[in-house]
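Working through the structure, step by step
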Amino acid sequence: MRQAQLTMVSLERLQHAAALADTLSFVQAAARMGLSQSAFSRSIQALEDELGVELFARNNRRVSITDAGLALLEPARQLIAQAERFAQAAARLSSAMPGAVRMATNPYAAYVLAARAIESVRSAHPGLQVHCDQFDADQLAPALRRAEYEFCIGETSPHRGQEGLHVEPFAAVPIGFVVRAGHPLLSRPTLRPADLLAYGLAANELPPGYRAALSDWFDLKPDQALSLAVCGNNAFAHWQLIHRTDLVGLVALPAYAQSLRVGRLVQLPLKLPTSLQSDVGLVRLAEQRLSRPAEALVAAFRQQAMTTASMPLKKATR
């Protein structure tokens, strides 16, 4: 018998030999291994040639194991089992995804999506470290190009068409105006967009295009600028002010779902046009491939965004 040099190919052939020993049928063993009968027969013949012994006796009616086959079958099965245990251990190490991810979100994703998305990934991979910041839209692209973040989750419309960026929307985000319960606007028999301006608007920082479209919706004159009483990305301050004062909030409604459900806030019955709707999604450098931990986080954010967008909100009322 030659001294066998076990390669990945010969290990696969040992698996074929074990299947043939179990079934004593070339037809059944080939089907088990997902091969044609001719390819399976060639594999067995190549293994016998490699080892220099006949493992199986064949005739037209039956297959039997030779004495050499019996002598080699048990160590072959042990070797196959060891290889399977090695593959399982390697898979466990790979799935652990050690390392760290630096990412950023806009206020909506930070408030509504981030905690659940990060929790779901870290529950499966406790060793993962996540650094998560909050950004303004105009700061995003420069931060990505400086490699400060691997990816960002936020409104994608301001970044579409920017050279060097990959943009993937996940889901639409319903936008609306909300006020505290008992707000003077709720007692009006009719409500016009211009009525809101007397109380001041609170909103996140608005991209120029969005601000211009909102000015048109309010029917402002060309020499009138849309003024926001409170703006910026401090979502918690907005939340408190909208609950405690007569400011009118222009908000992503899922972020205020609980207050709307219990009646602390009321959505004003003013329908915004499609051009004033928003979305949430992924923004990253186009040429940069995400790490496996980042891919897992992006998948979790995508699922959370789609789930949140499909949740029913309390119907707008006065």
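A brief look at the structure comes next. (Residues numbered from 1 in each chain as written. Predicted model: local features only at pLDDT ≥ 70, side-chain atom pairs only at ≥ 80, totals over all residues. Heavy atoms only, no water.)

1. Concerning helix H6 (residues 137-145)
The condition that has to hold: Relative accessible area decides the class of each residue, using a 1.4 Å probe on protein chains only: under 20% of the type maximum gives buried, over 50% gives exposed, and in between gives partly exposed. A run of H or I in DSSP counts as a helix once it spans at least four residues, and a run of E counts as a strand once it spans at least two, with each numbered from the N terminus. Picture the helix axis, draw a direction to every C-beta atom, and the arc is the one those directions span.
When H6 is considered as a whole, its buried residues turn out to be Leu-140, Ala-141, Ala-143 and Leu-144. The buried residues of H6 all sit within an arc of 165 degrees when viewed along its axis, so they share a single face. At the C-terminal side of H6, Ala-147 shows a positive phi close to 65 degrees.

2. A few points about the environment of Ala-229
In this fold, Ala-229 is placed in the loop between helix H8 (208-217) and helix H9 (235-244). Put simply, Ala-229 and Ala-104 are 125 residues apart on the chain and 26 Å apart in space, counted from C-alpha to C-alpha.

3. Description of the packing of aromatic side chains
To describe a pair of aromatic rings, one takes the distance between the centres and the angle between the planes. Keep this limit in mind: Pairing of aromatic side chains requires ring centres within 6.5 Å, counting the rings of Phe and Tyr and the six-membered ring of Trp. Pairs whose planes differ by under 30 degrees are stacked, by over 60 edge-to-face, and all others tilted.
Going through the model one piece at a time under the given rule, you end up with four aromatic pairs. Measuring from ring centre to ring centre gives 6.0 Å for Phe-26 and Phe-40, while their planes differ by 80 degrees; the resulting arrangement is edge-to-face. Placement of Phe-26 in helix H2 (residues 26-33) and of Phe-40 in helix H3 (residues 37-51) is noted, with a sequence separation of 14 residues between them. The exposure class of Phe-26 is buried, given its relative accessible area of 12%. Summarising the aromatic geometry, the rings of Trp-217 and Phe-218 are spaced 5.1 Å apart at their centres and angled 70 degrees between planes, so their arrangement reads as edge-to-face. An identical accessibility class is assigned to Trp-217 and Phe-218; each is buried. Three or more aromatic residues joined by ring pairs form one cluster here, namely Phe-177, Trp-217 and Phe-218.

4. Comments concerning the sheet that holds strand E3 (residues 99-105)
Put simply, the rule reads: A strand pair is defined by DSSP finding two or more bridges across the two strands. Between N-to-C directions, angles cover 0 to 180 degrees, with each direction set by a line fitted to C-alpha atoms, over the stretch in contact for helices. Whether two residues are in contact is decided by their heavy atoms: any pair within 4.5 Å suffices.
Strand order in the open sheet made by the five strands is E4-E3-E5-E11-E6, with mixed pairing throughout. Where the open sheet ends on each side, the last strands, each with one partner, are strand E4 (128-134) and strand E6 (165-173). Ignoring strand direction, the axes of neighbouring strands in this sheet form an average angle of 20 degrees. Pairing of E6 with strand E11 (residues 278-285), which is carried by eight bridges, proceeds in the antiparallel orientation. From the neighbouring strand, Ala-171 faces E11, where its bridge partner is Val-280. Lying over the sheet, helix H5 (residues 107-124) contacts E3, E4, strand E5 (151-154), E6 and E11, oriented at roughly 180 degrees with respect to E4. Together, E3, E4, E5, E6 and E11 form the strand contacts of helix H11 (residues 292-310), whose direction differs from that of E6 by roughly 30 degrees.

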